[in-house]
Amino acid sequence: MINTTNLVDILQSFDQGYLLVDNRGFVVGMGARTSSLLGLSEKEAAGKHVSQLIRARGFETALFEGPDSVLERCVESGADWMSPLSGIAVDGADDVIYLNIQIRSMTWGGALILIADAGPVREVLESHDALLSVTSHELKTPLTAIKATAELLLAYQFDSTQRNEMLGDIYKQAERLELLIREILDASQLDSGRMPLEPYEVDLRGTLADVLDELDSQMGETRLTVRFPAIMPKVWADKRKLSQILVNLITNAIKYSPESSSVVVTATVGPESVRVAVKDRGIGIKHEDQHRLFKKFQRIPDPATRRVSGTGLGLYIVKGLVELQGGTVDVESAYGKGSTFSFTLPLAPVSARASA
Ligand code: ADP
C-alpha cells in the first residue's frame, strides 16, 4: 500500500511543482520544483495562503482569493479544475510569468495544486498565431493585386505595352507569394528537423557571382562590392542552401538601406572555416532589439521601413541553415549607421579544398 511518505516521494519526483493546501488554502506542503517556479523557498511558503504565493493577474485573481474562489468551490464540492493550456498570468520576480495550474481536491478536505511552466506551450501557440496573422496579411496583399490586375485585363482593352506591364506586375506578385510559401515550408522543415542537406565542396566565389546575377534586378542604385581573398579554398556546404543564405542577407542589406547605399560582401578564411560578412550602411538595429532578430516572425518596427514587406522568417531560416551546416551566425549593428550580418561555414576536407 502507498503510505504518506511514499506519496510525498512520488510527488517530489514529478517534474512539475505542487503545493498542498488545507481546506482554507493555507500551505501545508510544497514540492521541490515549486521553489524555482515561484521563486521562493519552502520555509517562505509554509503556512502562507496560496493567494500570497501565486499572485494571479486580472480576472484570474478569483482563482485563490475571495469567498467564492475557484479553490474554495473545488474543496467544497470535491471537484477538480484545470487552467487553459496557455496558462494563466502570474506576477513573477521581474515580470509576468505564465503557469499551468491544476487544482485537485483531496478526500481529506484540502487540495493539491499542481504547477507547471506554461512558457513552452505559449511559445508554440504564439508562433501559431503569428503564422496565421503573417500569412493572412502577407498572402492577401499580393493576391489582391493579382486579382485586381487580372480583372482590369479581362474588362478592358489595353495596348500591348500596357498589357505587358500589367502581366509583369502579376508575375512579380506571384513571385512574392511563392517566396512566402517557400519561407513557411523551410521554417517548418527546420523546426521538424527534416530539412534535407546535400553538402559537398562548393566554390563560394562562383556561388556569390550566381546570386548577384539573380539579384541584379533588385539591386537598383545599390553599389555592391565583393572583397574576397585571392586564394579562396572551397567550403563544405549545400550549394542551394548557401545561395539562399546569401540571397537573404544581401536582400535585407538592400531592403533596410536607403537607395544608392553601399553593400560590401567580405570573405575571411580561418584555419577551419570561412566567415562571410554582408555589411550595409542602412538603418541599423538598436542594441535592445538585436537578440530577437534570428527568432521566428520577428520584425523590428522602424518608421523608415514601415512599407517594406516581409515575414520575419528570413533570418530565422538563415540561422537554421547555417547551423545545420556546422556554422554560426552573428550580427553587429549601430542604429542609424548600418549592420553587418556574418556567418561561418566549415572548409571542405583538405583533399577537396583545391582553391578556386
Ligand atoms: P523580413 O525581412 O521578412 O522582415 P528577416 O527575418 O529577414 O525578415 O528580418 C527580420 C527583421 O530584422 C526585419 O524585419 C528587420 O526589422 C530586421 N533586419 C534584417 N536585416 C536587416 C538589416 N540589414 N538592417 C536593418 N534591419 C534588418
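To start, this report covers the structure provided alongside it. (Residues numbered from 1 in each chain as written. Predicted model: local features only at pLDDT ≥ 70, side-chain atom pairs only at ≥ 80, totals over all residues. Heavy atoms only, no water.)

## Overview of the layout of surface pockets
For the second largest pocket, the calculated volume is near 390 Å³. The wall of the second largest pocket is formed by 13 residues, among which E123, S127, K295, K296 and Q298 lie closest to the centre. Tallying contributions element by element places helix α6 (residues 119–155) first for the lining of the second largest pocket, with five residues. Across the lining of the second largest pocket, the residue classes tally to four nonpolar, three polar and six charged. (1 Å grid on protein atoms, 1.4 Å probe; cavity = no way out; pocket = protein on both sides within 12 Å on 5 of 7 lines; lining within 4 Å. Points joined across faces, edges and corners; volume = space filled by probe spheres on them. Helix = DSSP H or I, 4+ residues; strand = E, 2+ residues; numbered from the N terminus. Nonpolar A, V, L, I, M, F, W, Y, C, P; charged D, E, K, R; others polar.)

## Notes on helix α10 (residues 314–324)
Counting buried positions over the 11 residues of α10 gives eight, a clear majority of the element. Buried residues of α10: G314, L315, Y316, I317, V318, G320, L321 and V322, and no others. Contact partners of the buried residues in α10: α7 (160–192), α9 (239–255), β12 (329–334) and β13 (338–346). Positive phi appears at G326, one or two residues downstream of α10, with a value of about 85°. (Buried < 20%, exposed > 50% of the residue type's maximum accessible area, 1.4 Å probe, protein only. Contact = heavy atoms within 4.5 Å.)

## Here's the deal with the packing of α6 against α7
Interaxial distance between α6 and α7 falls to 9 Å at its minimum, and their mutual angle equals 160°. Classified by the angle between their axes, α6 and α7 sit roughly antiparallel to one another. Judged by the twist between their axes, the crossing of α6 over α7 is left-handed. Classifying every residue of the contact of α6 with α7 by side-chain character gives 16 nonpolar, four polar and three charged. (Axes fitted to C-alpha atoms, helices over the stretch in contact; angles between N-to-C directions. Parallel < 35°, antiparallel > 145°, perpendicular 65-115°, else oblique. Left-handed = near helix turned anticlockwise from the far one by under 90°.)

## Here we look at the site of the ligand
Contacts to the ligand come from 19 residues, most closely from N252, Y256, R299, T311 and L315. In the model, an oxygen atom of the ligand is placed 3.0 Å from a nitrogen or oxygen of the K255 side chain. Protein burial of the ligand: of its 530 Å² of free accessible surface, 97% is covered by the chains. Contributing elements (two or more residues each) for the shell around the ligand: α9, α10 and β13. Of all the elements, α9 adds the most residues to the shell around the ligand, at three residues. Of the residues belonging to the shell around the ligand, the class tally is nine nonpolar, seven polar and three charged. (Near = heavy atom within 4 Å. Polar contact = N/O pair within 3.5 Å; in protein donor to acceptor, adjacent residues only side chain to side chain. Areas by Shrake-Rupley, 256 points an atom, 1.4 Å probe, with all protein chains shown as cover.)

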